[in-house]
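# Structural description and commentary
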Amino acid sequence: MREFRYERATDLAGAVATLAAAPDGAYLGGGTNLVDLMKLGVATPDVLVDVRELTSTAVEELPGGGLRIGAAVPNADLGADRRVRERYPVLAQALLSGASGQLRNRATTGGNLLQRTRCSYFTDVTKPCNKRAPGSGCGALQGAHRNHAVLGATIDGPDSPVTCIATHPSDMAVAMVALDAVVQVLGPDGERSIPIAGLHRLPGDDPSRDTTLRHGELITAIDLPPLPAGTVSRYRKSRDRASFAFALVSVAVAVALEDGVVADVRLALGGVAHKPWRAAAAEEALRGQPPTEAAVTAAARAELAAATPLPENGFKVPLAQNLLVRTLLDLTGASR
Amino acid sequence: MDIQITLRVDGVQAPLSVDTRTTLLDAMRDRLRNTSPKKGCDHGQCGACTVLLDGRRVNSCLVLAVTADGAEVTTSDGLAAGGQPHALHRSFVEYDAYQCGYCTPGQICSAAGVLAEAAQGWPSTVTEDLTAGTADLTDAEIRERMAGNLCRCAAYAHIVPAVAAVAGAQGVRR
């Protein structure tokens, strides 16, 4: 592991100033991903600014019925929070389906959003990877890519400096994207609010960047807006083993019916792209429709029409479609 | 870069100068000679290093020692208050819940965390009614909640009843 200086600040502004002055530095939250990446030589910060005890561990009511989640709220506490369980079951389910009890106790809400891909070429410093070593190529494209992206990837040949088929590993973020969460950020230039759909990015021509955050910007809180009355929601995750595994594909679904038709619907997919994937095409196809098997199937197909499956990960396309269809039908009762 | 910290492990307070790169696990084992927590994968995937950090189960291999400055750390050894085995220790012996024993201190600490989490009513991903507010540690619940602890001898079939027996005695299993 590269040597690093460990810094604690007395306030948020001090932490931001310290990191802003350290171009190769990083914030440390729970460390469950970052410390591991440092051991692997994938992350090599020369300064760690510990913000775990500096950012909030509180979940607070927002005027109008939403919740503000402090960036340092542990994943375990958020999944167990009674208000989250009752008002945002999709988020509680996503949190509880991720990692292990030990990791959820230590991992923070802000850190969960910023965790890095588990692509095995990214985490192996002896392999080419445009995300870790820009310009080195992509080992996964013609290698082991069963777990990789089928939507929004940059596919330009294994030696191209822009190819990246990595996926974002978070479960929690998928639910938050479906819930239209808003990420509160403090940076060298002050505060800003980022709708979560604009936090994570596709690889485009720069796979090294996971998010739109600028150096020194710190997530301080995540706001959950209230859901329309009558909304039911669910997170469903498909994985290789029953527990403690990342999603092959997951879906976050929140839907409200009015007079038998879909009045409000929010759909997001995990495990399929470089970012949690908001299924806007499927939502558009469903709005105003009765949630029949034919209608939800057509909506799911519309979303996956743009998929670019590779030899080993083609199964994700029907899996994503089927998860969307089954979860929507289960939630709206049309299957019973 | 070395930093002066104080670790409190199993009730013993130790001032210590550590390289910032040192994990809590390595500090306990190599500096304090407390070899109760074990190093398995060293990447947070096996659970052998599980300890209670201020009462919560964590993977000590992913905690930097400098961040545990002043915190209260309890290992499986430390659960044996006054040299008397913890109820979980006795239960693991009674149910023969191990073979080689390497993962056992982590299993014990994790189980202690599971019991505390259940006592607070925390749900898991297999909990049917998330709004219930109370936890019932069925066999399925124990399997799910202990999923962060691997046992290469595959003693799982005995670990589940060992934990269940203590859960029953503590009123978090109906």
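All of these numbers come straight from a predicted model, not from anything done at the bench. (Residues numbered from 1 in each chain as written. Chains lettered and ligands numbered in written order. Predicted model: local features only at pLDDT ≥ 70, side-chain atom pairs only at ≥ 80, totals over all residues. Heavy atoms only, no water.)

### What about the sheet that holds strand S3 (residues 47-50) of chain A?
Residue and element names in this part refer to chain A. Across the sheet, three strands lie side by side as S1-S3-S2; this open sheet has parallel pairing. At either margin of the open sheet sits one strand with a lone partner, and together these are strand S1 (5-8) and strand S2 (26-28). Pairs of neighbouring strands in the sheet enclose a mean axial angle of 30°, with direction left out of account. Against the sheet, helix H1 (residues 12-20) makes contact with S1, S2 and S3, and its axis sits at roughly 140° relative to S2, the strand it touches most. (Pairing = 2+ DSSP bridges. Helix = DSSP H or I, 4+ residues; strand = E, 2+ residues; numbered from the N terminus. Axes fitted to C-alpha atoms, helices over the stretch in contact; angles between N-to-C directions. Contact = heavy atoms within 4.5 Å.)

### Things to note about the interface of chain B and chain A
Contact residues are listed per partner, giving 37 residues for chain B and 41 residues for chain A. Counting each side, the surface lost to burial between chain B and chain A is near 3,200 Å², with a carbon and sulfur contribution of 55%. For chain B, the biggest contributors to the area lost against chain A are B:Arg21, B:Leu62 and B:Leu130; these three give 21% of the whole. Seen at the junction of chain B and chain A, the total is two salt bridges. For A:Lys39, the salt bridge identified is with B:Asp42, shortest N-O distance 3.0 Å. (Buried area = accessible area lost by both parts, 1.4 Å probe. Salt bridge = Lys/Arg side-chain N within 4 Å of Asp/Glu carboxyl O.)

### Side note on the domain arrangement of chain B
All names here are of chain B. Domain annotation for chain B reports domain 1 (2-75) and domain 2 (82-169). A combined buried area of about 1,100 Å² lies between domain 1 and domain 2, and 54% of that area is made up of carbon and sulfur atoms. When the buried area of domain 1 at its contact with domain 2 is split by residue, Lys38, Thr50 and Arg57 rank highest and sum to 45% of it. The tally of links from domain 1 across to domain 2 stands at one salt bridge. Here Arg57 ties to Glu117 by a salt bridge, and the two come within 2.9 Å at their closest N and O atoms. Taken together, domain 1 and domain 2 are joined by seven residue pairs in polar contact (both at pLDDT 80 or more). Elements with a contribution of two residues or more to the side of domain 1 that touches domain 2: strand S3 (50-53) and strand S4 (56-59). For the side of domain 1 that touches domain 2, the element with the highest residue contribution is S3, accounting for three residues. Broken down by class, the residue content of the side of domain 1 that touches domain 2 amounts to four nonpolar, seven polar and four charged. (Domains from an automatic or database assignment. Polar contact = N/O pair within 3.5 Å; in protein donor to acceptor, adjacent residues only side chain to side chain. Nonpolar A, V, L, I, M, F, W, Y, C, P; charged D, E, K, R; others polar.)

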